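Read off the chains here:
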Amino acid sequence: MGLSGGGDRGGLIGLCFAELSTMFDRTGGPILYARAALGRTAGFTVGWAVWLTYLVGLAALSDGFVSYLGSLWPAAKDGGVWIVPALIFVLCLLNTVGVRLGARVVQIFTIAKLVPLAVLVFAGLTFAGAVGNADLSLVPGGRGSFLGAVLIIVFAYGGFEGTAIPAGEMVNPRRAVVVAVLGTLAAVTTFYMLVQYAALRIEPNLASAGSPLASAGEAAFSGGLALLTVGALVSISGTQSGVVLLAPRTLYSLAREGMLPEVLGRVHPRFKTPVVSIWVTGVLVAVLAVSGSFSSLILINVAARLYQYLMVCISGGVLRLREPEAPRAFRLPFGPAIPAVAGMLCLFLLSRQPAVNLLATAGALAAGLLLYAAGSRRV
């Protein structure tokens, strides 16, 4: 069966995003929806949760990068203390020099990372035998647990909501965002299912592998280990590049809106990039990556992401009740029922999180609210 069952759950939340996106043609995405439905403070907490999701996700990816690098270069496993900060430093430097350079790096990595995965899918579907009795207990903090697997799926499938943020820069945003959100979910779900199916045809017992893609590549063909390891490194680096591009700008926009201290809204005098937000984000990522484990970082990322999704679902229900006749180019059936079900799903998944992760996420939100109070004094 695999882990593909999480696509249905992501679909409900994606539908809520899709409907809300047709009500607004301004930049902001989930921050805008929560502020319109629940007020300025609620909008801030969603924006802060978006930034936390980026922050912790980037730290988790950095840990994953070191793990895969260790497959090719064993010394890297002992050198993670300096490799991660060095990697984050380079990405922050690229984005400080200019947004065009940072965006170009993202584009290059995005194209490059698909090649080895496409090779894996081709090899798995063409040459490999049928799937055996695969062990799919791929869940940190809940090994063998279906609900734990769903939490990991939230991490893997998350990110579709980012397509809603730049709505104000799109042509016909009310239609474009619906296509982008639902199209991203469909494409990612299909591709992930193909990668998972192909990998399991090649190597049915990936759960015991520290680097699953590399192990599948090694079993597939000569040179597969190196190809898939490099592919994983390129894929992680591409995602990291995108996050380093987006995360500081979320912090910067909150500061420019008067929701955070003014210093976080400062730009470089020459390059015109949000230099303070870039390096604050980079330093915190390096600290988290070095001090936290991959599994705990993923679950904290998921907790912050689920809070964001929950607030969007609540916002969708509130606006359905408050403004039932407001124009919506994409309208869900059954009134506020789908946002309510999606919201209850988010609450249920949050309840399955380890208490320590919920406390860490709540503490991070509380710290954000303190900064919000300090930033709001100058408005």
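Since we're looking at a predicted model, the values are computed, not measured. (Residues numbered from 1 in each chain as written. Predicted model: local features only at pLDDT ≥ 70, side-chain atom pairs only at ≥ 80, totals over all residues. Heavy atoms only, no water.)

Draft legend 1. Region of interest: the packing of helix H11 (residues 294-322) against helix H13 (residues 355-376). Relative to each other, H11 and H13 sit at 55°, their axes nearing to 9 Å. Our classification of the angle between H11 and H13 gives oblique. Between H11 and H13 lies a crossing whose hand is right-handed. Where H11 approaches H13, its residues Ser296, Leu299, Ile300, Ala303, Ala304 and Tyr307 are matched on the opposing element by Asn357, Leu358, Ala360, Thr361 and Leu365. Looking at the contact of H11 with H13 residue by residue, the class counts come to eight nonpolar, three polar and no charged. (Axes fitted to C-alpha atoms, helices over the stretch in contact; angles between N-to-C directions. Helix = DSSP H or I, 4+ residues; strand = E, 2+ residues; numbered from the N terminus. Parallel < 35°, antiparallel > 145°, perpendicular 65-115°, else oblique. Left-handed = near helix turned anticlockwise from the far one by under 90°. Contact = heavy atoms within 4.5 Å. Nonpolar A, V, L, I, M, F, W, Y, C, P; charged D, E, K, R; others polar.)

Draft legend 2. Just the layout of surface pockets, in detail. The calculated volume of the second largest pocket comes to roughly 170 Å³. Breaking the lining of the second largest pocket down by element, the ones donating at least two residues are helix H3 (40-72), helix H10 (275-291), H11 and H13. In terms of residue class, the lining of the second largest pocket is made up of nine nonpolar, one polar and no charged. (1 Å grid on protein atoms, 1.4 Å probe; cavity = no way out; pocket = protein on both sides within 12 Å on 5 of 7 lines; lining within 4 Å. Points joined across faces, edges and corners; volume = space filled by probe spheres on them.)

Draft legend 3. Representation of the nonpolar core within the structure. In this structure, Trp48 and Leu260 are the most contacted members of the largest nonpolar core, which totals 75 residues. When residues of this core are assigned to their parent elements, the largest contribution, 19 residues, is made by H3. (Core = buried A, V, L, I, M, F, W, Y, C linked by side-chain atoms within 4.5 Å. Buried < 20%, exposed > 50% of the residue type's maximum accessible area, 1.4 Å probe, protein only.)

Draft legend 4. Structural view of H3. Given a rise of 1.5 Å per residue, 33 residues ought to cover 48 Å, and the 49 Å separating the end C-alpha atoms of H3 matches this to within 8%. The element H3 is extensively covered by neighbouring structure, given that 28 of its 33 residues are classed as buried. (Expected span 1.5 Å × (residues − 1).)

Draft legend 5. Looking closely at a nonpolar patch on the surface. On the surface, Leu72, Trp73, Trp82 and Val230 cluster together to form a nonpolar patch covering roughly 420 Å² of accessible area. Residue position: tryptophan 82 is located in helix H4 (residues 80-97). Residue class for tryptophan 82 comes out exposed when judged on its relative accessible area of 52%. (Patch = residues over 30% accessible without salt bridge, like charges linked within 9 Å, V, L, I, M, F, W, Y side chains within 5 Å. Areas by Shrake-Rupley, 256 points an atom, 1.4 Å probe, with all protein chains shown as cover. Salt bridge = Lys/Arg side-chain N within 4 Å of Asp/Glu carboxyl O.)

Draft legend 6. Structural detail: the environment of arginine 352. Position of arginine 352 among the secondary structure elements: in the loop between helix H12 (337-351) and H13. Sequence separation between arginine 352 and alanine 303 is 49 residues, and the spatial gap between their C-alpha atoms is 9.8 Å.

By themselves these figures say nothing about function.
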